[in-house]
Structure formats: structure tokens, C-alpha cells
Amino acid sequence: MGFIERHGLWNPEQAAAAQEIPERAESGGMKVVRLVFADQHGLLRGKTVTVGELPNVLREGTGIASSLLAKDTSGRTVFPLFTKETPLGLPELRGAADMVMVPDPLTFRMLPWSPGTGWLLCDLRFTTGTPVPLCTRGLLRSVLEQTGGLTYRTGLEVEFHLFRLTDPRLGTGDLGQPGAAPEVGMLNHGYQYLSELRYDELDPILDVLRSNIEQLGLPLRSLEVEFGPSQVELTLQPADGLGTADAMVLLRGAVKQVAARHGHHATFMCRPHLPGVFSSGWHLHQSVLRDGVGVFAPEGAEGDEVRPPLSPYGTAFLGGLLRHARATSAFSTPTLNGFKRFRSLSLAPDRAVWGRDNRGAMVRVLGDGPSSTRLENRIGEPAANPYLYLASQLAAGLDGVAGGLDPGPAADEPYATRAEPLPRSLGEALTALEADEGLAARLGKDFVSYYAGIKRAEIARFEQEVTDWEQREYFRVF
């Protein structure tokens, strides 16, 4: 009996899917399989094994160093692993000991851009079989279990930049932790939102991306030209539970890998440091269903202008999103760079308000009826860890429902309404997160402490650097 069966780590649906993988692998000519998990930053880490090792992986999982959970975005280890201290209160991490990546058979795919390559998304377990509490996919699953049997449905609109790669900057002088950023060129001039001509300029590479995304089985809805130079947007069909988060980590990886193979550089960084470039956002559409029927819609005739836009459940859920907005921004906007997006009159929010179909509000209430009524939170950046973004949103909404929170009136002037401002920096967001006991109760106090520690290490590293702004501002004048 293998590790997975011994610890009962698969449900019947997963076990049945695992039986089909060898046949699907053979028919697809698979030679290797990539085993990956989403780390604390939402970046995919893992190992590649040969197809001959696949049966063993489907019995035992595969080991991977736990030190990956102690690193910031540069790959620097933040927490001590080789001392007498117990790292993060978890003795299993001492000495960077192994964890076990347990594949989820329901995520198996063949990668269309890498012939003969399979792909499996994994969950993390300690060698005892117990869940790794720092696994972000597991964290989202634990919050989903707090819905009382209801279904959390989400859909995404994600913006990113797509450039022509001119120099990958891989010389010996470009090395470092992190290394030098690549040099890129624009694919269009921008400033023409949803322009047919601008789209056609991007069509050769967008068609390649579309083909690969669809072959992966991701529910692609649309490809759009955004306002900024070389900026585009993709939207996916809604999915339940883990579905949107799983799709997002695979989508980001697919876009970056396919673009690189075709001489381009795709980045989900919010605001690249390039002249004229615009910030990118990730808008998350959310609804909750009971027995397949949405519970956000109010009772009454559809189209009735007098009835409220949301049911009592939806109203309280919205109240939770607003009440916890400052704290959840640490998950929806987890980079120092992302907070440069929160600007007045920019189609990005700058305060915690809601509006009826108003793109200036943080939360936009949309739809008219059980199947379409939803909340679009416009707070996120494309670099967010999808599992933490969704988990924090759901936790905030559920806390609002539990407390019957009132979101207040709609904001007709979202950039002028008196309301709590969103954090202006990652440090401010982390302070709000650490002070939010209601959110921590649902996400776990230990996880909040761990996450804040990782992100504060990034801030400390940034504050030690001399920036271009400082050089221009002070070098000549003083």
C-alpha cells in the first residue's frame, strides 16, 4: 500500500482519474511529467520525472524540499531552517526536510507547447501524511469548507503586458538574486482601448496563446486589447471551488512559457518600469450558490428598479468585502509594485466603496437575477497568489454574512465618497492584516503571521536599495 492510499489522500473521483492517467499519457506520447505546486507567492515550483516513474508517483507522491516555503520572491530564505529553533513552529521544516507533493489526478494535462510533457498540480503533505499548513491550495480548500455546503463561484478578468523580447540579459554581468530584467520592445502604441487595429497588430502572438490555452482545456472567453501599450486582457468562464485558482496558475504559466518560446516576454507584474506603460489589474467576479442557484439576487421581479441590488445574504457578503478590504489587500495586491495602481480616477479603486455597475468603485455590483447577480472586486493585481486571493475574499464575505455587516449606500462618486482608503503600501496592508482578528480566525493566525513575515522580508530588502528616483532627486542637487 502506497503513501497516498495509506493516508487516504484521494477521494473516489481522484482515484478514478488516476487510473486513466497512464492510458492518457501513452496516447499522448508522454515522455516526462511536470509535478508542480503553487508556493506562497503563487509561483509554480516542482520536479520533472520520467514517464517510467509515473506509476510510483501515483502511489507515493514525490519528495520536495520544505525550504521552498521559507523563501521570498527573489529566492532568498527568510526563516532559519538550520538552527535549534523550530521554524515557524513546525518541527517538520527543521533542516529543510522533505515534504511530499501529492498529485491531484483531476488536474492532469498534456502541455501542447512541450510535446511529450504531462503536467500535474500537487498538494503538500508532511511525510507523516498530515497537511502542510502553509500550502496555499490547502488553505483555500479549508476556507471553502466554511461555506456551510454552499458553492463559491468565481470568474476572472486578468490584464498583463505582452512585449517583444529584445535581450534576455543572460550575460555574466546580469546575474544576481534577482538577476537583471530582460529588455523588451512594444508590440503596439496603445492608448486605443479595444481597438480592432491594435488587436490585429497583436494577433500573430495572441493566436498562438489562444490555441495553447484552449488545447489545455482552460475555459477561455475572450482576448481583448487594453488601453496601455502592449497591454492585453484575458477572461475565463466562471468556475466553482478551486477551479478558478487552479486555472489561473496554469494560465499564467502557459502565457509566459508560450510567449518565451515565440520570442516574446509576458509579464503579470502590475506596473512595469517602462515609459507610458499602464498598471494591470485582476478583477474577480464572485457569487455564492445554493443547490446551483445564486443567493446574491434579491427577491422580486427582474428589472424592477425599486428593488435592492442584492439579497440580505449578498448585502452582508458585500459588507464583509468592504470591512476587510484593507487587510485582504495584502493578498490581492501582494507586491510593493502593485500599490502604485491605486490611483484616483484611474479605473482602479482607491477606497473601500461599492457601486452599481460603476468601474470606479472597488466592488461593482452586476447582474439582474439569480444566474447573473455577482460582485466584481477590482482590487487585485495579476501577480496575486490565486489561492490566497480567493481564500481572503471568501473569508471576508463569510465574516460579513456571520456578522450581518452593512456595506452602506452605493457610491455614485467613488473617487469622492468619504470612505476608508485602501492601503498606500504593502507595509500598510500587512499592518491591517495583522490587526484583523476576524479575517485571521478564518485564515488561521499562524498562516497570517507566516505570510506577513515573508512579505516584510521583501520590504526590508527593498528599503536597503537605492532607487533610480533617489539618484535623480538627490545626486546632483545635494
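Residues numbered from 1 in each chain as written. Predicted model: local features only at pLDDT ≥ 70, side-chain atom pairs only at ≥ 80, totals over all residues. Heavy atoms only, no water.

### Let's talk about the overall build of the chain
For the chain, the helix and strand inventory stands at 13 helices and 17 strands. Computed over its C-alpha atoms, the radius of gyration of the chain comes to 23 Å, within 12% of the 23 Å expected for a compact globule of 478 residues. Along the first, second and third principal axes, the C-alpha atoms of the chain reach 65 × 60 × 50 Å. The burial tally for the chain puts 52% of its 478 residues in the buried class. By element, 51% of the accessible surface of the chain is carried by carbon and sulfur atoms, the whole surface being about 21600 Å². Mean positive and mean negative side-chain charge positions of the chain (47 and 57 charges, respectively) differ by 4 Å. (Helix = DSSP H or I, 4+ residues; strand = E, 2+ residues; numbered from the N terminus. Rg over C-alpha atoms; globule rule 2.2 N^0.38 Å. Buried < 20%, exposed > 50% of the residue type's maximum accessible area, 1.4 Å probe, protein only. Areas by Shrake-Rupley, 256 points an atom, 1.4 Å probe, with all protein chains shown as cover. Lys, Arg positive; Asp, Glu negative; His and termini not counted. Charge placed at Lys NZ, Arg CZ, Asp CG, Glu CD.)

### Digging into empty space enclosed by the protein
This model, assessed by the stated rule, comprises 2 cavities of 30 Å³ or more. The space that makes up the largest cavity amounts to roughly 40 Å³. Residue lining of the largest cavity: Phe-37, Ala-38, Leu-121, Cys-122, Leu-124, Cys-135, Thr-136, Arg-137 and Tyr-387, and that is the complete set. When residues of the lining of the largest cavity are traced back to their parent elements, those giving at least two are strand S1 (32–38), strand S6 (117–125) and helix H4 (136–144). (1 Å grid on protein atoms, 1.4 Å probe; cavity = no way out; pocket = protein on both sides within 12 Å on 5 of 7 lines; lining within 4 Å. Points joined across faces, edges and corners; volume = space filled by probe spheres on them.)

### Quick notes on the pattern of salt bridges
For the structure shown, the criterion picks out 21 salt bridges. Here Arg-141 ties to Asp-123 by a salt bridge, and the two come within 3.3 Å at their closest N and O atoms. Separated by 18 residues along the polypeptide, Arg-141 in helix H4 and Asp-123 in strand S6 bring together distant segments of the chain. Residue classification places Arg-141 among the partly exposed residues on the basis of a relative accessible area of 28%. Taking relative accessible area as the criterion, Asp-123 reaches 12% and is therefore assigned buried. A salt bridge links Glu-420 to Arg-326; the nearest nitrogen and oxygen atoms lie 3.9 Å apart. With Glu-420 in the loop between helix H9 (386–403) and helix H10 (426–435) and Arg-326 in helix H8 (residues 325–332), this pair connects stretches of sequence that are 94 residues apart. The class of Glu-420 is partly exposed, set by a relative accessible area of 43%. Each of the salt bridges in this network shares a partner with another, and the network as a whole consists of Asp-104, Asp-123, Arg-137, Arg-141 and Asp-246. (Salt bridge = Lys/Arg side-chain N within 4 Å of Asp/Glu carboxyl O.)

### Considerations on the layout of surface pockets
Counted as a void, the second largest pocket has a volume near 650 Å³. Forming the walls of the second largest pocket are 30 residues, and the residues nearest its centre are Pro-131, Val-132, Pro-133, Cys-135 and Gly-138. Broken down by secondary-structure element, the contributors of at least two residues to the lining of the second largest pocket are strand S4 (98–103), S6, H4 and helix H12 (445–463). The residue inventory of the lining of the second largest pocket, partitioned by class, reads 17 nonpolar, 6 polar and 7 charged. (Nonpolar A, V, L, I, M, F, W, Y, C, P; charged D, E, K, R; others polar.)

### Considerations on helix H2 (residues 12–27)
Across its 16 residues, H2 extends 24 Å between first and last C-alpha, which sits within 8% of the 22 Å expected from 1.5 Å per residue. Taken as a whole, H2 carries its principal kink of about 30° at Glu-20; the proline Pro-22 stands between one and four residues after it. Within H2 the residues assigned to the buried category are Gln-14, Ala-17, Ala-18, Ile-21 and Ala-25. On its buried side, H2 packs onto helix H3 (54–60) and S6. By the N-cap criterion, in which a side-chain oxygen at the helix start approaches the backbone nitrogen of a residue two or three places on, H2 is capped by Asn-11, the distance to Glu-13 being 3.0 Å. (Expected span 1.5 Å × (residues − 1). Bend = angle between axes of the 7 residues up to and from the residue. Contact = heavy atoms within 4.5 Å. Polar contact = N/O pair within 3.5 Å; in protein donor to acceptor, adjacent residues only side chain to side chain.)

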